[in-house]
Amino acid sequence: MEQTSIWQREGALPRFPSLEGDAAAEAVIVGGGIAGILCAWYLKQAGVDAVLLEAAALCGGTTGNTTAKLTVQHGLLYDRLIRTQGLDAARLYLEAQQGALEEYRRLCRDIDCDFQERDACVYSLDRRDLLEREAAALNRLGVPAEVTETPELPVPTAGAVRFPRQAQFHPLKFLAAMARDLRIYERTRVLELVPGSVRTRRGTVRGENIIIATHFPMLNKHGGYFLKLYQQRSYVLALKGAPLPRGMYVDEAEGGLSLRSWGDLLLLGGGGGRPGKTEGWDGLEDFARTHYPGAREVCRWAAQDCMTLDGMPYIGPYSKRTQGLFVATGFNKWGMTSAMTAARLLADLVQGREHPWAALFSPSRRMPGLPLASNLLEAGASLLTPTAPRCPHMGCALKYNAREHSWDCPCHGSRFEADGRLIEGPATGGLRNH
């Protein structure tokens, strides 16, 4: 079965040339997914000369393989934010995500990208208490969320927290319109960052400000992202002939399923886990055979997401020691609204403006100790595993992914073709002597 998302099958992005020789701009953006494109677009609206560099083709990674939900409901997050960060921080996070959703609503009025309003629902198979706590937290924040039943789902649940008037869209149709008039170079891999410039195989680009929007940050010696980020891989089946839910559903439990419709297709997602430690589409296939025996698979795909230790993205200065270098990463599987939040915040920071969200999303904020220790143990175990091949990023032992025919790094998520060619980073090159 073809491993291509429905967005990539149906969406036609504009193509851009490769960089040939040196160049200069006020701002250089590295990474051509949704975060990078939106950053470039907002900077251009502000009159800032920005150039975007993409190693392959635009939206070939996580953006092209999203489930494309536009929602401020990021799992059962708000109860946890109130308990761990306080009411003001939770309110600020909600404000940022609501602003992102409204910005999509505004922009999509003039872009043919199949924007559709939908209710978003986080369900639980057996923990109604968690749902009631989340609904209460949202009510404290002024959101009319409620716990409802789930008759649209094919399995019994304890209920769901329903969030009204969220949305879904075709991400590549949207981004094709946003990217059309931007200064972009594709097939231009960045090899090295130095103060005030980036070096590629085809030339050096100078810029006073540099934004790293490469999914997992590529620079190890600053920021400690290899300590405070990890990646999760998840899978999607597009099924024809299955009952279609009106709402967008996601399980509150890690590894649970998500369901939403697109046209006459059901998008069934899940099967998540660290790269090299998942079973691919196996669980989705079993679920579909059991609950949708008459459905036919149209296509399948997989996505990889950067996860932070406290559930909030890292958006802002790359580190305290890197003047003019910024980052947007760690969207925790909610990249659509988080990318919009990142672009609006970074456009202000690049222009030297203060922003009310800056401290909340600061990559230099303090990390919770237990998740940090757990992430270190996971990476340490892979580093000490005496097998080959090893990831060129930091030397972790790779695991072979038989379902996708790739070598995957459980530590930081780099992936390689069976012959050693790089699929996605943070590694910047393929496997040698493989």
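Scroll up for the structure.
Residues numbered from 1 in each chain as written. Predicted model: local features only at pLDDT ≥ 70, side-chain atom pairs only at ≥ 80, totals over all residues. Heavy atoms only, no water.

Attention shifts here to the sheet that holds strand β18 (residues 399-401). The strand order across the open sheet built from four strands is β18-β19-β20-β21, with neighbouring strands paired in antiparallel fashion. Whereas interior strands pair on both sides, the edge strands pair on one side only; in this sheet they are β18 and β21 (422-424). Adjacent strand axes in the sheet meet at a mean angle of 35 degrees, parallel and antiparallel pairs treated alike. In this sheet, strand β19 (residues 406-408) lies alongside β18 in antiparallel orientation, the contact comprising three bridges. Bridging from a neighbouring strand, N401 pairs with S406 of β19. (Pairing = 2+ DSSP bridges. Helix = DSSP H or I, 4+ residues; strand = E, 2+ residues; numbered from the N terminus. Axes fitted to C-alpha atoms, helices over the stretch in contact; angles between N-to-C directions.)

It is worth spelling out the packing of helix α2 (residues 34-45) against helix α6 (residues 171-179) at this point. Packed helices, taken two at a time, are described by the angle their axes make and the gap between the axes. It is the contact of α2 with α6, at a shortest axis distance of 10 Å, that shows an interaxial angle of 35 degrees. When you trace α2 past α6, the crossing you get is left-handed. Together, I34, I37, L38 and W41 of α2 and F174, L175, M178 and A179 of α6 make up the contact between the two elements. Considering only residue class, the contact of α2 with α6 consists of eight nonpolar, no polar and no charged. (Left-handed = near helix turned anticlockwise from the far one by under 90°. Contact = heavy atoms within 4.5 Å. Nonpolar A, V, L, I, M, F, W, Y, C, P; charged D, E, K, R; others polar.)

We now examine the side chain of Q168. Here Q168 lies in strand β6 (residues 159-168). Polar contacts involving the side chain of Q168 include one to the side chain of Q116, which spans 2.8 Å. Those residues in contact with Q168 that sit more than four places away from it in its chain are A68, D114, F115, Q116, R118, M248, R260, S261 and W262. (Polar contact = N/O pair within 3.5 Å; in protein donor to acceptor, adjacent residues only side chain to side chain.)

Notably, D114 is not glycine yet its phi reads approximately 60 degrees, a positive angle. Looking at the element boundaries, D114 is found in the loop between α4 (87-107) and β4 (116-124). The phi dihedral of H215 falls on the positive side, at around 80 degrees, and the residue is not glycine. Summarising the element assignment, H215 is placed in the loop between β10 (203-212) and α7 (225-228).

Right, let's get into the pairing of β4. As paired strands, β4 and β6 are joined by eight bridges and run antiparallel to one another. Paired with V122 across the strands is V161, a residue of β6. Two elements, β4 and strand β12 (residues 248-251), share four bridges in a ladder whose sense is parallel. Bridging across to β12, V122 finds its partner in V250.

The values are spatial; any link to function lies outside them.
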